[in-house]
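# Observations on the model geometry
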Amino acid sequence: MITSSVVVAMPGNGQLADELAARLGLERGAATVRHFPDGESYVRIESPVDGRGTFIVCTLDRPDDKLVPLFLLAAALREAGARSVGLVAPYLAYMRQDRRFQPGETISAQHVGAWISRSVDWLVTVDPHLHRITDLSQVCRVPSGVVHAAGSVAQWIRAHVRTPLLIGPDEESAQWVGAVALHANAPFVVLSKTRRGDRDVEVWLPDVERWRSHTPVLVDDIVSTARTMIETVGPLRQAGLAAPVCVAVHAVFAQTAFEDLRSAGAGEIVSCDTIRHPSNRIPLAAAIAASVRRLLPA
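Quick summary incoming for the structure in this document. Every chain's residues receive numbers from 1 upward, in the order its sequence appears when written. Note on the predicted model: pLDDT of at least 70 is required for a residue's local features to be given, and 80 or more for side-chain atom pairs to be given and counted; whole-chain, interface and lining totals, by contrast, use all residues. Based on all heavy atoms of the structure, the side-chain values leave hydrogens and waters out of the count.

## Description of the packing of helix α1 (residues 14-24) against helix α8 (residues 285-295)
The criterion, for reference: Orientation is described by lines fitted to C-alpha atoms, with helices fitted over the stretch in contact, and by angles between N-to-C directions that extend from 0 to 180 degrees. Comment: elements are numbered from the N terminus, with helices defined as DSSP H or I runs of at least four residues and strands as E runs of at least two. Note on angle classes: values under 35 degrees are labelled roughly parallel, values over 145 roughly antiparallel, values of 65 to 115 roughly perpendicular, and the remainder oblique. Here a crossing is taken to be left-handed if its near helix is turned anticlockwise relative to the far helix by less than a right angle, and right-handed if that turn runs clockwise. Any pair of residues with heavy atoms lying within 4.5 Å of one another is described as a contacting pair.
At a minimum axis separation of 10 Å, α1 and α8 run at an interaxial angle of 60 degrees. Classified by the angle between their axes, α1 and α8 sit oblique to one another. α8 is crossed by α1, and the crossing has right-handed handedness. Of α8, the residues touching α1 (which contributes Leu16, Glu19, Leu20, Arg23 and Leu24) are Ala285, Ala286, Ile288, Ala289, Val292 and Arg293.

So, in structure tokens, the structure goes:
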């Protein structure tokens, strides 16, 4: 009788699915996910899953193209007899809209969390963007595992940056950047930021005179337009510091953001591999596998 769980990948997620299957000793399942000419999604499970635990690997950057086929794939697994369906989504979209900022807005985090909770039995993600929501259980009503990248980011900094000074982009980042700094045994400062729009950001740099001999390391969980980092690079250089190393957990890099950040004078730009991008330098498969192991059905 086949009892091991089956790992299924959405398009573009095959590498992580392969790594998780290998690390956990699981079967790598096959599925077809494609679009009809009119844009509708088609899914088909091609591996035996009857009576077995399963999980889907799908990072959720550019989410509007992924959510419908993801939900259909989860339904197909259940209809094929899967005993359970989990989701590994290293980047979990829509968590930033966690309150109503303007009249008439909806709280997207709650709705997307509810949709996911109706489709899967458990969820593993990496550092979801939770600020006003304090715990993932407030939006996802299924057991979840949250992988924290701070230790892996700090390990990379220790190995590649001499005398780092960690810099957080805003007050909300203080706790997270502080954790990275603690692991890296490095000092840190936090900027003040005012955001007036997606691409209209103003930052204020604290006194960094005492850190002139250090290499600044800008650390943020999500880099989308990169405006915060871009607006920080200039003042750092004007203060006499070296070209900053820019580190992102989730390398969204919308449109020309990556090129814009390089053009602004950033030094090395690196990211965790939660979203496939040329800047990926910090692998998280081992940490993700450990979290999945705790949630897999016995």
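That shown, we press on.
## Details of α8
Let me state the cut-off plainly: Relative accessibility thresholds used throughout: buried, under 20% of the residue-type maximum; exposed, over 50%; partly exposed, between the two (1.4 Å probe, protein chains only). The arc under discussion is defined with respect to the helix axis, by the directions toward the C-beta atoms.
Taken together, the buried positions of α8 are occupied by Ala285, Ile288, Ala289, Ser291, Val292 and Leu295. Viewed along the axis of α8, the buried residues span an arc of 165 degrees, placing them on a single side of the element. Close packing links the buried residues of α8 with α1, β5 (53-57), β6 (84-89), β7 (122-126) and β8 (144-147).

## Focus: the packing of aromatic side chains
Put simply, the rule is: Under the pairing criterion, centres of Phe, Tyr and Trp rings, with the six-membered ring standing for Trp, must be within 6.5 Å; the plane angle then separates stacked pairs below 30 degrees from edge-to-face pairs above 60, leaving the rest tilted. Whether a charge sits over a ring comes down to the Lys NZ or Arg CZ being within 6 Å of the ring centre and within 35 degrees of the ring normal.
Enumeration according to the criterion identifies 3 aromatic pairs in this entry. Both rings, one in Phe55 and one in Trp122, keep their centres 5.5 Å apart while their planes meet at 55 degrees; by these two values the pair is tilted. On the criterion of sequence distance, the pair formed by Phe55 in strand β5 and Trp122 in strand β7 is long-range, its members being 67 residues apart. For Trp122, a relative accessible area of 4% corresponds to the buried category. Ring centres of Phe253 and Phe258 lie 5.2 Å apart, and the angle between their planes is 75 degrees; this geometry places the pair in the edge-to-face category. You'll find Phe253 and Phe258 in the same group, each marked buried. Looking at Arg34, its charged tip hangs above the ring of Phe36, at a distance of 5.3 Å from the centre.

## A look at unusual backbone geometry
Unusually for a residue other than glycine, Asp127 sits at a positive phi of about 35 degrees. Structurally, Asp127 can be placed in the loop between β7 and β8. A positive phi angle is found at Asn185, which is not glycine, with a value near 55 degrees. If you trace the backbone, Asn185 turns up in the loop between α5 (174-184) and β10 (188-190).

## Some details on empty space enclosed by the protein
Once rolled over the atoms, a probe with the size of a water molecule shows which space is left empty. Using the following cut-off: A cavity here means a set of 1 Å grid points, computed over protein atoms only, where a 1.4 Å probe fits but cannot escape. A pocket is an open set with protein on both sides within 12 Å along at least 5 of 7 lines, and lining residues have an atom within 4 Å of a point. Grid points are joined across faces, edges and corners, and a volume is the space filled by probe spheres set on the points. In this classification, Asp, Glu, Lys and Arg are treated as charged, Ala, Val, Leu, Ile, Met, Phe, Trp, Tyr, Cys and Pro as nonpolar, and every other residue, Gly included, as polar.
According to the stated counting rule, one finds 1 cavity of 30 Å³ or more in the structure shown. Roughly 40 Å³ of internal volume is contained in the largest cavity. What lines the largest cavity is Ile167, Pro169, Leu191, Leu218, Val219, Asp220, Thr228, Met229 and Thr232. Those elements that place two or more of their residues in the lining of the largest cavity are β13 (215-223) and α6 (227-238). Its residues assigned to classes, the lining of the largest cavity comprises 6 nonpolar, 2 polar and 1 charged.

## A short note on the sheet that holds strand β16 (residues 280-282)
Threshold: The rule for pairing is simple: two strands pair if DSSP sees at least two bridges between them.
Spatial ordering of the open sheet is given by β10-β9-β13-β14-β15-β16, a layout of 6 strands whose pairing is parallel. Because the sheet does not close on itself, it has two edges, and the strands there are β10 and β16. The average undirected angle you get between the axes of adjacent strands in this sheet is 35 degrees. Here 3 bridges tie strand β14 (residues 245-251) to strand β15 (residues 269-272), and the two strands are oriented parallel to one another. When the bridges of β15 are listed, Val247 appears paired with Val270. Strands in contact with helix α4 (residues 150-160) are β9 (164-168), β13, β14, β15 and β16; relative to β16, the strand with the most contacts, it is inclined by about 95 degrees.

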